[in-house]
Amino acid sequence: MLSALRSLWTVLRHTFRLRVTVQYPEKSVYLAPRYRGRIILSRDPDGQERCVACYLCAGVCPVDCISLQATEDESGRRYPEFFRINFSRCIFCGFCEEACPTCAIQLTPDIEMGEYKRTGLVYEKDDLLIDGPGKYQDYNFYRVAGVAIAGKDKGEAENEAPPEDVKTLLP
Amino acid sequence: MREIVIHLLIIGGVLGGTLTTASGLIWLERRLLALWQDRYGPNRVGPFGLFQPLADTIKIFTKEDWIPPFADKTVFVLAPGVIIVTVLMSFLVVPFAPGIWVADLNVGLLFFFGMSSLGAYSLILAGWASNSKYSLLGGLRAAAQTLSYEVFMGLSLMGVVMLTGSFSLRAIVEAQHDLWFCVSQFPGFVIFLIAGLAETHRLPFDMPEAESELVAGFHSEYSGMKFGMFFVGEYLGITLISALMVVFFFGGWQGPFLPPLVWFVGKTFLFICGFILLRAGLPRLRFDQLMAFGWKVLLPLTLLNLLVTGAIALLRT
């Protein structure tokens, strides 16, 4: 009986507690920068697409919601011809971000992507591509990779020695 | 003619007032429970979410009103009406303020008991007519609970009747002019509170419903507005028990400065909040605990209270 009265008193004291609910549309809850929300495609610091269309994200995706087609420009730089994510299937597991070798595909702390039509949830490359580098400000794949593209030949990348001449015997 | 009009106005006022209160209580309960659980509750529809019951009503009216094919159709339809009618009939004898009552019966208290006993039929019939195990179990529990708690609910008020010398609720209120009965009849008050909780099937005595054991107890098979009527009936019951608590033990409309009706409504409101607090704070009892507590603790206490009150009343005369 006494414990019942005590629990009633404890409950009553909660009248003056702060409420924990966040009044959502007016105030939004804090989402950490690494929160796994809407997926974007980022650009390198030079403003070019990071994605090299390696299909790793599409391969690792457990629900097969990513589809893309690789192509090359005249300088030999690979990029996706189209890049499509079906968000009605996406489970926001973040595997694509982990698989991506060029930090192109990234998950963002944005969860407000409700739609009235299902087809509205299929995002094309135009919808996915952002103007900035996202979470990795300075990373530029083609500047550190050994691939030759226009304006950068083999051996000219950062921390890269010029290629060895395999036909000479001189040390 | 004038008197008839006034009387009809009072009847309309009581009917409208109690029904509005009952549906408003749905909002109040959700808000208060939320407050005590550090949440907000419904606060979107209208100011402070006050129109939530209205929205709920519209929703529940547009829902499919389904009667299970295995149910006893006539009784199934009739049962929800019974609870509303009996509880509303009980409001007949409640004196809200001097002159504001529907009927001042000289057996008002007995009338209330009769009506609340009849109300038990609603749950039993609902449980029986649903033709489902969970509903029947809920109905059985309701029957046993109502029967046993009715006994000392009545006996706990006999002390009040003895001190007043009348069964009329108006006389009982007027007898508390000098001292409220919650002081002189404190055990009676506590027992009436507990029995009232059991009568309205509120937590911690909501065994007939017991969501975690019996799906939804006696109204498992009900949907749409029939379920809504059980719901409103329950809240009407809370309002009634709170109002009667005020009448029997807290001086009814009496109080300084403010008009009598305000006092009455204020006190009733306080008790309703108390009911909700009990729901927020206490877990449900086991059914055998409820029965044992009733017959082994409350009944002897009530009889003792009755004896002592009787002796004192005799000594005075």
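Structure shown above.
Residues numbered from 1 in each chain as written. Chains lettered and ligands numbered in written order. Predicted model: local features only at pLDDT ≥ 70, side-chain atom pairs only at ≥ 80, totals over all residues.

Some remarks on the interface of chain A and chain B
Each partner contributes to the interface: chain A provides 11 residues, whereas chain B provides 9 residues. In terms of residue class, the side of chain A that touches chain B is built from 5 nonpolar, 4 polar and 2 charged. (Contact = placed C-beta atoms within 7 Å. Nonpolar A, V, L, I, M, F, W, Y, C, P; charged D, E, K, R; others polar.)

Considering the environment of F181(B)
Residues and elements named next belong to chain B. On the secondary structure map, F181 appears in helix α7 (residues 181-184). F181 gets classed as buried once you count the C-beta atoms within 10 Å, which come to 24. With 70 residues separating them in the primary sequence, F181 and G251 have C-alpha atoms 7.3 Å apart. Apart from the residues lying within four places of it in its own chain, the contact partners of F181 are V160, L163, Q176, F248 and F249. (Helix = DSSP H or I, 4+ residues; strand = E, 2+ residues; numbered from the N terminus. Buried ≥ 20, exposed ≤ 12 C-beta atoms within 10 Å, placed from the backbone.)

Section: helix α10 (residues 224-249) of chain B
The terminal C-alpha atoms of α10(B), which comprises 26 residues, lie 38 Å apart, in line with the 38 Å expected from a rise of 1.5 Å per residue. For α10(B), the tally of buried residues reaches 23 of 26 residues, placing the bulk of the element in the interior. (Expected span 1.5 Å × (residues − 1).)

A few points about the pairing of strand β3 (residues 78-86) of chain A
Residue and element names in this part refer to chain A. Pairing between strand β2 (residues 66-72) and β3: 7 bridges, direction antiparallel. Of the residues in β3, the one forming a bridge with Q69 is F82. Connecting β2 to the next strand, β3, in antiparallel fashion are 5 residues, including G76 with a positive phi near 90 degrees. Across 2 bridges, β3 lies against strand β5 (residues 122-123) in antiparallel orientation. The residue bridging I85 from the neighbouring strand is Y123, located in β5. (Pairing = 2+ DSSP bridges.)

A look at the packing of helix α8 (residues 186-199) of chain B against helix α12 (residues 287-316) of chain B
Residue and element names in this part refer to chain B. Running from amino to carboxyl end, α8 crosses α12 at an angle of 145 degrees, the nearest separation of the two axes being 10 Å. Pair α8 / α12 crosses with left-handed handedness. Along the contact surface, α8 presents P187, G188, I191 and I194, while α12 presents L298, L301, T302 and N305. (Axes fitted to C-alpha atoms, helices over the stretch in contact; angles between N-to-C directions. Left-handed = near helix turned anticlockwise from the far one by under 90°.)

A closer look at α8(B)
Side chains of residues three or four places apart in an α-helix project in the same direction, reflecting 3.6 residues per turn. Residue and element names in this part refer to chain B. Taking 1.5 Å of rise per residue, the 14 residues of α8 would be expected to cover 20 Å, and the 20 Å separating its terminal C-alpha atoms lies within 8% of that figure. In terms of burial, α8 is a largely internal element, 10 of the 14 residues being buried. For α8, the secondary structure elements touched by its buried residues are α4 (108-129), α5 (133-164), α7, α10, α11 (260-281) and α12. In the segment just after α8, H201 is the residue with positive phi, at about 55 degrees.

Function cannot be inferred from these measures alone, as they are strictly geometric.
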